[in-house]
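# Chains, contacts and geometry: an overview
The primary structure of each chain is shown beneath.
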Amino acid sequence: MSAVRIMPKAGGSSRRSLGIPDMSHPLQSEHVFRLLVESTTDYAIFLLTPDGRVASWNRGAERIKQYKAEEIVGKHFSIFYPPEDLVNGKPEMELRIAADTGRFEDDGWRLRKDGSRFWANVVISAVRDDDGTLLGFGKITRDVTDRREAELRYRLLVEGVSDYAIYSLDKNGNVTSWNSGAARIKGYPGEEIIGKHFSLFYTREDIEARIPEKILETAAATGHYEGEGWRVRKDGSKFWSSVVVNPLRDQDGELVGFSKITRDVTDRKKLLDTIQKHAEELELRIAEREQTYAELEAFSYSVSHDLRAPLRAIEGFTDIVLTDFGKQLPGEATEYLQQVLQATGRMNRLVQDLLTYSRLSRIDFQPGPTKLVKAVDEACAQIDEHLRDKVAVSVDPTLRVSAHLSTLAQILLNLINNGLKFYPPGKTPHVEVRAHRDDHNILVSVRDEGIGIAAQHQERIFQVFERLHTADTYPGTGIGLAIVKRGITRMGGTVRVESAPGKGSTFYICLPAA
Ligand code: ADP
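First, a word on what this report is: a plain description of the structure on this page. These numbers come from a predicted model, not from an experiment.

To continue, consider the overall build of the chain. Across its full length, the chain holds 16 helices and 16 strands. Over its C-alpha trace the chain gives a radius of gyration of 47 Å, far above what one expects of a compact globule, namely 24 Å for 514 residues. For the chain, the C-alpha atoms occupy an extent of roughly 150 × 55 × 40 Å along the three principal directions. Each of the 514 residues in the chain was classed as buried or not, and the buried ones make up 39%. Counted over contacts in the chain with a minimum sequence separation of 6, partners at least 24 positions apart contribute 53%. By element, 53% of the accessible surface of the chain is carried by carbon and sulfur atoms, the whole surface being about 29,200 Å². Of the charged side chains in the chain, 69 are positive and 73 negative, and the gap between their average positions amounts to 2 Å.

Taken as a whole, this structure holds 24 salt bridges when the rule is applied. One salt bridge in this structure joins Arg147 and Glu151, with 3.8 Å as the shortest N-O distance. One end of the pair, Arg147, and the other, Glu151, are both in helix α7 (residues 145-160), four residues apart, so they sit about a helical turn from each other. Judged by its relative accessible area of 38%, Arg147 falls in the partly exposed class. For Glu151, a relative accessible area of 43% translates into the label partly exposed. Between Lys269 and Asp273 there is a salt bridge, and its shortest N-O distance comes to 3.6 Å.

Moving on: the side chain of Ser358. Secondary-structure assignment places Ser358 in helix α13 (residues 331-362). In contact with Ser358, not counting residues within four places along its chain, are Glu297, Ser300 and Tyr301.

So, on to the site of the ligand. Looking at the ligand, there are 20 residues lining it, with Asn418, Asp448, Arg467, Thr477 and Leu481 nearest. Contact between the ligand and Lys421: an oxygen atom at 3.1 Å from a side-chain N or O atom of the residue. Here an oxygen atom of the ligand and a backbone polar atom of Leu468 are 3.2 Å apart. Contact with the protein chains hides 98% of the accessible area of the ligand, taken as 520 Å² for the molecule alone. Comparing atom positions with the cavity grids shows the ligand to sit within the largest pocket. Classifying every residue of the shell around the ligand gives eight nonpolar, eight polar and four charged.

The subject of this paragraph is the nonpolar core. One finds Leu372, Leu408, Leu412, Ile416 and Ile509 to be the most contacted residues of the largest nonpolar core, which totals 46 residues. Of all the elements, helix α15 (residues 405-421) adds the most residues to this core, at seven residues. Dropping the residues within four chain positions of it, Leu408 is found in contact with Leu372, Ala375, Val401, Ala403, Met491 and Leu511. Counting 23 residues, the second largest nonpolar core, distinct from the first, contains Ala44, Leu48, Ile72 and Phe118.

Our next topic: the pairing of strand β13 (residues 431-438). Across four bridges, strand β11 (residues 391-394) lies against β13 in parallel orientation. From the neighbouring strand, Val391 faces β13, where its bridge partner is Val431. When β13 meets strand β14 (residues 441-448), the two strands line up antiparallel, connected through eight bridges. Residue pairing in the sheet places Glu432 in a bridge with Arg447 of β14. As consecutive antiparallel partners, β13 and β14 are separated by two residues, and within that stretch Asp439 has a phi angle of approximately 60 degrees, a positive value.

Further remarks concern the sheet that holds strand β9 (residues 255-264). Spatial strand order, β6-β5-β9-β8-β7: five strands in an open sheet with antiparallel pairing. Strands with a single pairing partner mark the edges of an open sheet, and in this sheet they are β6 (175-178) and β7 (225-232). Averaged over neighbouring strand pairs, the angle between their axes works out to 30 degrees when direction is ignored. Pairing of strand β5 (residues 164-170) with β9, which is carried by seven bridges, proceeds in the antiparallel orientation. When the sheet's bridge partners are listed, Ser168 is paired in β9 with Ser259. Of the strands in this sheet, β5, β7, β8 (238-249) and β9 are in contact with helix α11 (residues 211-222), which crosses β8 at around 40 degrees.

In this structure the tally under the stated criterion is 14 aromatic pairs. Taken together, a centroid distance of 5.1 Å and an interplanar angle of 55 degrees make the contact between Phe46 and Trp57 tilted. Of this pair, Phe46 sits in strand β1 (residues 44-48) while Trp57 sits in the loop between β1 and α3 (59-65), and the two are eleven residues apart along the sequence. Residue classification places Phe46 among the buried positions, given a relative accessible area of 1%. Overall, the relative accessible area of 1% leaves Trp57 in the buried class. With a centroid separation of 6.1 Å and 70 degrees between ring planes, the pair formed by Phe462 and Phe507 is classed as edge-to-face. Taken together, the positions of Phe462 in the loop between β14 and α16 (480-490) and Phe507 in strand β16 (residues 505-512) put the pair 45 residues apart, joining distant regions of the chain. As far as burial versus exposure is concerned, Phe462 and Phe507 are alike and both buried. Ring-pair connections join several aromatic residues into one group, and the members of that group are Phe46, Trp57, Tyr67 and Phe80. The ring of Phe462 has Lys485 sitting right over it, with the charged end atom 5.8 Å from the ring centre.

In this fold, His457 is placed in the loop between β14 and α16. Sequence-wise, His457 and Arg467 are ten residues apart; in three dimensions their C-alpha atoms are separated by 9.4 Å.

Moving on: α11. The periodicity of an α-helix, 3.6 residues per turn, causes residues three or four places apart in sequence to face the same way. Here α11 spans 16 Å end to end across twelve residues, near enough to the 16 Å set by a 1.5 Å rise per residue. If you check which residues of α11 are buried, you get Pro212, Ile215, Leu216 and Ala219. One face of α11 carries all of its buried residues, which in axial projection span an arc of 95 degrees. Looking at α11, the residues exposed on the side facing more than 90 degrees away from the buried face are Ala221 and Thr222. Buried-residue contacts for α11 involve β5, α10 (204-208), β7, β8 and β9. With its phi angle positive at about 90 degrees, Gly223 sits one or two positions after the end of α11.

Definitions and limits used
Residues numbered from 1 in each chain as written. Predicted model: local features only at pLDDT ≥ 70, side-chain atom pairs only at ≥ 80, totals over all residues. Heavy atoms only, no water. Helix = DSSP H or I, 4+ residues; strand = E, 2+ residues; numbered from the N terminus. Rg over C-alpha atoms; globule rule 2.2 N^0.38 Å. Buried < 20%, exposed > 50% of the residue type's maximum accessible area, 1.4 Å probe, protein only. Contact = heavy atoms within 4.5 Å. Areas by Shrake-Rupley, 256 points an atom, 1.4 Å probe, with all protein chains shown as cover. Lys, Arg positive; Asp, Glu negative; His and termini not counted. Charge placed at Lys NZ, Arg CZ, Asp CG, Glu CD. Salt bridge = Lys/Arg side-chain N within 4 Å of Asp/Glu carboxyl O. Near = heavy atom within 4 Å. Polar contact = N/O pair within 3.5 Å; in protein donor to acceptor, adjacent residues only side chain to side chain. 1 Å grid on protein atoms, 1.4 Å probe; cavity = no way out; pocket = protein on both sides within 12 Å on 5 of 7 lines; lining within 4 Å. Sits in = over half its atoms within 2 Å of the grid points. Nonpolar A, V, L, I, M, F, W, Y, C, P; charged D, E, K, R; others polar. Core = buried A, V, L, I, M, F, W, Y, C linked by side-chain atoms within 4.5 Å. Pairing = 2+ DSSP bridges. Axes fitted to C-alpha atoms, helices over the stretch in contact; angles between N-to-C directions. Phe/Tyr/Trp six-rings, centres within 6.5 Å; stacked < 30°, edge-to-face > 60°. Lys NZ or Arg CZ within 6 Å of the ring centre and 35° of its normal. Expected span 1.5 Å × (residues − 1). Arc of directions from axis to C-beta.

Here's what the structure looks like:
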């Protein structure tokens, strides 16, 4: 066991000045205290005489400095110092400061017995008796080589980062460290900027608005600041920066400064600005187009509406002429009048479809939970009686969609009627309506075995007046699928077709499930 060879004077007064409690409890006896010091291995704890000779030695000292007690006690402590410190008289200077101020602390290189160096954290305290006479010094040394290496590695890492400006400020905002990224991004070399206030990087307007101070205040108060803004380089040019500021506090929680990470994100900002500009232009154009559409729709609505009265007159009077004077008319005239009636019928359907189509854009309907089967039933009720049995429906009555009932019924009717209409002459039509749940949606299909649609036409048939046949082959207005598309879109759904000529067609409607 290494021993404390010299205690600075035995007795109560020296114990007190060393902070050793003089009490009778066994754990507080001088002996126990001595054991504690001696057995400590993480710290070299030893005493020096007033002139700097080693007076005691513990296990930590033996472990860290490699000397045994009998080898070192009595030797001058300057033996632990590297030559450059001896030249400068550092050991004596440390004792002098400790004697004058009571304490000296330092981080620096020290030597082991084998001459190797370790990075030490050293605290020297003066030990005095009650009269103030200097009895010697207490010295605690820690080997913090690992910590220093970790700090060095960390510093090198930070230093080497060139994409980010990483630097620190004291609590007043003066620059205290500066990495290569900071030099690159901001244009100042470290030696020029260290000590200067960081508001140098801000625009005049930001300085006038006290932005730099506000950023530090926010970081100190909330523990973090994050933001973007224009900053100024040394050459006066500006860059758009993304900044993170964190407060640095000591172990007592006292604010000692700030760490700052800044990135130059000018390219991203430029891109976002361009996108924003395009988006605004697009919105403007859409607004203009919507206005035009609205005007056109209002126009078509009023025209269609106004056409109905004269149409009814033509139809009514032609009917009267045929009924009341039919017998007096030559056969040819009767035939012409029949054609007039057919034409008015077609025009009536056209006007009706146009009105439905424009109403779909004008009315403000809110889709709500709707039983799908109800819409299918409503549609089937409007199918020509002699064709009704050509439609097979297989829909689970519990399925509910988010829709507007009468609009959905109209849409299904249009699809079913098309399925019943576009058949090769002589073939019996057959249409199937099915539905199933697909995740959050309901998928409704209307399938026929008719003439089919070539791939290149499958898009355009959803536009107004787009027809693939003459009215003589297949009558129609060319508005049915436009109504389908607009109605479904307004209810938040989608519609598409799968088809091939001669193979029939399947129209799929996808609506949100309710
Ligand atoms: P309409 O039925 O009044 O002609 P639509 O807008 O309903 O108008 O349909 C547009 C065109 O799409 C039709 O003229 C037809 O050429 C084609 N089409 C629609 N449905 C089918 C179908 N089930 N099978 C084959 N072609 C179809």
